[in-house]
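Residue-level structural notes
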Amino acid sequence: MKNTVAKTQIKELIESSSVALSPNEIKKIVKKVCSKVTVYRILDRLVDEEFIHKVMTPEGGVKYAATSKYCENYKPNHVHFSCKKCNRITCLKHIEATCKLHKAYEVEEVYCTIVGICPRCEK
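Parameters at a glance
- Position numbers for residues count from 1 along each chain, tracking the sequence in the order it is written.
- Reporting in this predicted model follows two pLDDT cut-offs: at least 70 for local features of residues, and 80 or more for side-chain atom pairs to be given and counted; totals over whole chains, interfaces and linings ignore these cut-offs and use all residues.
- As a rule here, side-chain values cover all heavy atoms of the structure and leave hydrogens and water aside.
- Buried means the residue's accessible area, taken with a 1.4 Å probe over protein chains only, is under 20% of the maximum for its type, while exposed means over 50%, and partly exposed covers the values in between.
- Secondary structure counts use DSSP, requiring at least four H or I residues in a row for a helix and at least two E residues in a row for a strand, with both numbered from the N terminus.
- Should DSSP find at least two bridges between two strands, the strands are taken to pair.
- The angle between two axes is taken between their N-to-C directions and runs from 0 to 180 degrees, where each axis is a line fitted to C-alpha atoms and a helix contributes only its stretch in contact.
- Definitions for this section: a left-handed crossing has its near helix turned counterclockwise from the far helix by less than a right angle. A right-handed crossing has that turn clockwise.
- Contacts between residues were defined by any pair of non-hydrogen atoms, one from each residue, lying within 4.5 Å.
- Three classes are used, and their members are as follows: Ala, Val, Leu, Ile, Met, Phe, Trp, Tyr, Cys and Pro are nonpolar, Asp, Glu, Lys and Arg are charged, and the others, Gly among them, are polar.
- The length a helix should cover is 1.5 Å for every residue beyond the first.
- Directions from the helix axis toward the C-beta atoms define the arc.
- Salt bridges are identified by distance alone: a Lys or Arg side-chain nitrogen within 4 Å of an Asp or Glu carboxyl oxygen.

**What to know about the pairing of strand 2 (residues 62-66)**
- Along strand 2, four of the five residues are buried, which leaves the element largely enclosed by surrounding structure.
- Note that strand 1 (residues 52-56) and strand 2 share five bridges and pair antiparallel. Counted as the bridge partner of Ile52 is Ala66 from strand 2.
- Hairpin remark: strand 1 followed by strand 2, antiparallel, with five residues in the connecting loop; positive phi at Gly60, about 95°.

**A word on the packing of helix 1 (residues 5-16) against helix 3 (residues 36-48)**
- Running from N to C, helix 1 and helix 3 cross one another at 65°; their axes reach a closest spacing of 10 Å. Once helix 1 is placed against helix 3, the crossing between them reads as right-handed. For the pair helix 1 and helix 3, contact is made by Ala6, Lys7, Ile10, Lys11 and Ile14 and by Val39, Ile42, Leu43, Arg45 and Leu46, respectively.
- Grouping the amino acids of the contact of helix 1 with helix 3 by side-chain chemistry returns seven nonpolar, no polar and three charged.

**Quick look at helix 1**
- Look at helix 1: 16 Å from first C-alpha to last across 12 residues, which is about the 16 Å you get at 1.5 Å a residue.
- The complete set of buried residues in helix 1 reads Ala6, Lys7, Ile10, Lys11, Leu13 and Ile14. The arc that holds every buried residue of helix 1, seen down its axis, measures 160°, which confines them to one face. Along helix 1, exposed side chains directed more than 90 degrees from the buried face belong to Val5 and Ser16.
- On the buried face of helix 1, the contacting elements are helix 2 (23-29), helix 3, strand 1 and strand 2.

**Considerations on the pairing of strand 3 (residues 78-83)**
- Across the six residues that make up strand 3, a large majority, six, are buried.
- As defined by bridge partners, strand 3 adjoins strand 4 (residues 89-96) across five bridges and the pair is classed as antiparallel. Along strand 4, the bridge assignment pairs Phe81 with Thr90.
- In this sheet, strand 5 (residues 112-116) lies alongside strand 3 in parallel orientation, the contact comprising five bridges. Within strand 5, the position partnered with Ser82 by the bridge is Val115.

**Some remarks on unusual backbone geometry**
- Positive phi, normally seen in glycine, also occurs at Glu50, with a value near 65°.
- Within the secondary structure layout, Glu50 lies in the loop between helix 3 and strand 1.
- Overall, the relative accessible area of 53% leaves Glu50 in the exposed class.
- One non-glycine residue, Asn87, adopts positive backbone phi at about 65°.
- Along the chain, Asn87 turns up in the loop between strand 3 and strand 4.
- With a relative accessible area of 48%, Asn87 lands in the partly exposed category.

**Considerations on the pattern of salt bridges**
- Applying the stated criterion to the full structure yields two salt bridges.
- One salt bridge connects Lys63 with Glu25, and the closest N-O pair in it is separated by 3.9 Å. In this pair, Lys63 sits in strand 2 while Glu25 sits in helix 2, placing the two residues 38 residues apart along the sequence.
- Among the residues examined, Glu25 registers a relative accessible area of 31% and is labelled partly exposed.

Below, the structure written as structure tokens:
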């Protein structure tokens, strides 16, 4: 895939972020580089290329975080933590979500988000 200025900026933004970012948060930061539609297209492309992964929010939305190519100890089905106070979602890369299903089911992805108060807000 062709690397455009917008794709490079979005990729670098997500790689450098310590929390998962929503498409709206990304659009606000790269506002002069591309449209909202282009942001969504780039995010889809980066997910397909496995540079980033989707994080489901407790409200049913989606945020994005960097994957194994840029994060140490990345596991595809790792757990996320959503803080009720600051609304930040972080990857808990060292914890993997697992579930046992009947063998007739083929699991492709597992989304697990724990909701509570993060260490930053407990202080």
